[in-house]
Each structure stands twice: as C-alpha cells, then as structure tokens.
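Fold and contact review
One letter stands for each residue in the lines below.
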Amino acid sequence: MTAATVEIPMVHADCVSKSFGSNEVLKSISLTVKRGEVLCLVGPSGSGKSTFLRCINHLERVDAGRLMVDGVLVGYEERGDKLYELHPREAARQRRDIGMVFQRFNLFPHMTALENIVEAPIRVKGVKKDAAVVRARELLARVGLGNKADAYPAHLSGGQQQRVAIARALAMDPKLMLFDEPTSALDPELVGEVLDVMKTLAESGMTMIVVTHEMGFAREVADSLVFMDGGVVVESGDPVEVLTNPQHKRTQAFLSKVL
Ligand code: ADP
Ligand code: MG
C-alpha cells in the first residue's frame, strides 16, 4: 500500500489521559473517527465527555497519550523526539477548522442571526463582507431559517437559536463538528428540528462527534457509539448493536435510564 491509500482518520485518540489536580477525568481513552463518520459519545454526567471534546478543540490540553486531528498532534508540537506545548497562535489556527456547538447556544445577543454568522468569517478568516453575507444566507436557508436573517436571538426559540449556532459553526468551513449535548437545554418539542439539521449535515458527509442522550439519533445517524463512564471507554461499536445488546452492566444501567 502506498502512503496515499492509507487513510488518515479525522480523529484518533490513543491512550489519552487528562487530570484536573488529583481528579483523573480521562483515563487512557482510545477511539477513532474516520472521515465522514458520525460518532455518538454517551455516558453519565461527569464521565468526561465534555472534557474529551474540549481536548480535541484545544480548550484543554491532554496530559498523556496522543490525540490527533486530521493527522496532526493536538496541543503539542513534536520536534525530534521531544514534545513542546503548541504556541497559542498555532492552536487557534488549528481550532478554526473545528466547529463546536454547545448545550447553551452562545449566540451574541446584540447581533442578528445573520450578523452572528458572518462575524467569524470576516474577522478571523478575512472573508469579504458581501461574500460572507451570501454564504450566511445560504447557511440560514440550509438550517431552515431563511426568513430569520434579521432576527435577534431573544426573538428566536431555543431550537431556532441552536440552528443559528450550527450555521455559525458551518460558516467557518470546519472539517470536523463537535456537538456537546446540543438538544439538552431545549423544550422537548424543539429537539426534533435540531436533530433533523444534524442528520442532514451527517448525510452531507460531515465528520461529527456528538455527545447526546438522544438514542434514537444515535441509532439512526451514528456510525459508531462510544459509552464512557468514569473517564474510561466502557464499550463501543455499532450503535444498534450496543443499544440492543449492551455487554457491560454499566452500559445496561445507563441505557435503562435514558431509553
Ligand atoms: P461530562 O461532560 O461527561 O458530564 P465533564 O467532562 O464535564 O463530564 O467532567 C468530568 C469531570 O471533570 C467532572 O468530575 C468535572 O467536575 C471535572 N472537570 C471538568 N472540567 C473541569 C475543570 N476545568 N476544572 C476542574 N475539574 C473539571
Ligand atoms: Mg458535559
């Protein structure tokens, strides 16, 4: 096999560990997300899911193991056989390629939907305003909000705000999208519209890691499911397989609560 035929995974974690003080939050996590795949990360509160996403997105630095995004080591620079902490400027540059959507929508309240979306492309990427506006309108249409360009967040429902947040992340043309419980703060009747947008995004070939308790979404959309508890990967595999036939007591106990 030549180098070109060996596909570099989008995310590859190899024995990744992370502590806060004496609290070891990630204990030797290993997982792989290939290009175009959707991985659902599930597990009880406090199991380290958000911390893992934050490590991928340069918001936390791993203590041990290797975390690679698109073949590039995250958080460190390798020179010879030594590791050096990555310069913040380089970390910021790498983070631009990763979109993140949080439980709370985090839109700028004093900006319209459109202004929220064009802000980063113009300011961070130097995209011309006209081009950024055209793109933002396309993205708003794509998330079903073509008529809300001039609305302020306060005048949008939680589901609409979250869809704007997704459009805003997509405006940076990310190669990877991270979702941290994107529907957990929503009223139940608004969850579906956000999951539908995420499903369409998955179908378009976006690589995604989704922390969620929405097992219907995991079953239908995800290529793999990883169950974490206490900072370890307890089990992982095909979502339908794991959900219908969980092998570990901890997975069974968790699923009996969320299904
Ligand atoms: P999850 O997203 O699965 O609920 P988190 O990754 O948020 O879990 O948290 C895992 C553990 O790490 C928790 O015990 C939490 O208190 C701790 N933790 C998370 N972030 C920090 C931080 N910045 N400083 C100290 N402890 C933290
Ligand atoms: Mg969390």
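You'll find the protein entered in an unreviewed UniProt entry as Amino acid ABC transporter ATP-binding protein, with Leifsonella bigeumensis given as the organism.

**A look at the overall build of the protein**
On a plain count of helices and strands, the protein comes out with 9 helices and 12 strands. For 259 residues, the compact-globule estimate of 2.2 N^0.38 gives 18 Å, and the C-alpha radius of gyration of the protein, at 19 Å, lies within 12% of that figure. Counting only C-alpha atoms, the protein reaches 50 × 50 × 45 Å along its principal axes. Across the 259 residues that make up the protein, the buried fraction comes to 48%. Element-wise, carbon and sulfur atoms account for 50% of the exposed surface of the protein, whose accessible area totals about 12,600 Å². Each charge class in the protein can be summarised by its mean position, and for the 31 positive and 33 negative side chains these summaries are 4 Å apart.

**Overview of the sheet that holds strand S5 (residues 72-73)**
Here we have 4 strands laid out as an open sheet, ordered S2-S1-S4-S5, and antiparallel in their pairing. Either end of the sheet is taken by a strand with one partner, and the two such strands are strand S2 (23-33) and S5. Where strand S4 (residues 64-69) meets S5, 2 bridges bridge the pair, whose relative direction is antiparallel. Bridge pairing links Met68 to Leu73 in S5. Packed onto the sheet, helix H1 (residues 49-56) meets strand S1 (11-20), S2 and S4 and runs at close to 65 degrees relative to S2.

**Side note on the nonpolar core**
Counting residues in hydrophobic clusters, the biggest one holds 53 residues, and the most contacted among them are Ile166, Met177, Phe179, Met198 and Met208. The element that contributes the greatest number of residues to this core is helix H6 (residues 188-203), accounting for 8 residues. Apart from residues lying up to four places away in sequence, Met177 is in contact with Gly99, Val101, Ile166, Ala169, Leu170, Leu201, Met206, Thr207, Met208 and Ile209.

Parameters and conventions
- Along each chain, the written sequence defines residue order, and numbers are assigned to residues from 1.
- Chains and ligands are labelled by the order in which they are written, letters from A for the one and numbers from 1 for the other.
- This being a predicted model, a pLDDT of at least 70 is required before a residue's local features are given, and a value of 80 or more before pairs of side-chain atoms are given or counted; all residues contribute to the totals for chains, interfaces and linings.
- As a rule here, side-chain values cover all heavy atoms of the structure and leave hydrogens and water aside.
- In this description a helix means any DSSP run of H or I spanning at least four residues, a strand means any run of E spanning at least two, and both kinds are numbered starting from the N terminus.
- Atoms considered for the radius of gyration are the C-alpha atoms alone. The globule rule reads 2.2 Å times the number of residues to the power 0.38.
- Note on classification: 1.4 Å probe, protein chains only; a residue is buried when its accessible area is under 20% of the maximum for its type, exposed when over 50%, partly exposed between these limits.
- Here the open area of atoms and residues is found with the Shrake-Rupley method and a 1.4 Å probe, where only the protein chains shown may cover a residue.
- Counted charges follow a simple rule, with Lys and Arg positive, Asp and Glu negative, and His plus the chain ends left uncounted.
- The atom standing in for a charge is NZ when the residue is Lys, CZ when it is Arg, CG when it is Asp and CD when it is Glu.
- A pair of strands is labelled paired if DSSP reports no fewer than 2 bridges between them.
- Throughout, a residue-residue contact means that at least one pair of heavy atoms, one from each residue, lies within 4.5 Å.
- To obtain each axis, a line is fitted to C-alpha atoms, and for helices this fit is confined to the stretch in contact; angles are then taken between N-to-C directions over 0 to 180 degrees.
- We call a set of buried residues a nonpolar core when its members are Ala, Val, Leu, Ile, Met, Phe, Trp, Tyr or Cys and they connect through side-chain atoms within 4.5 Å of each other.

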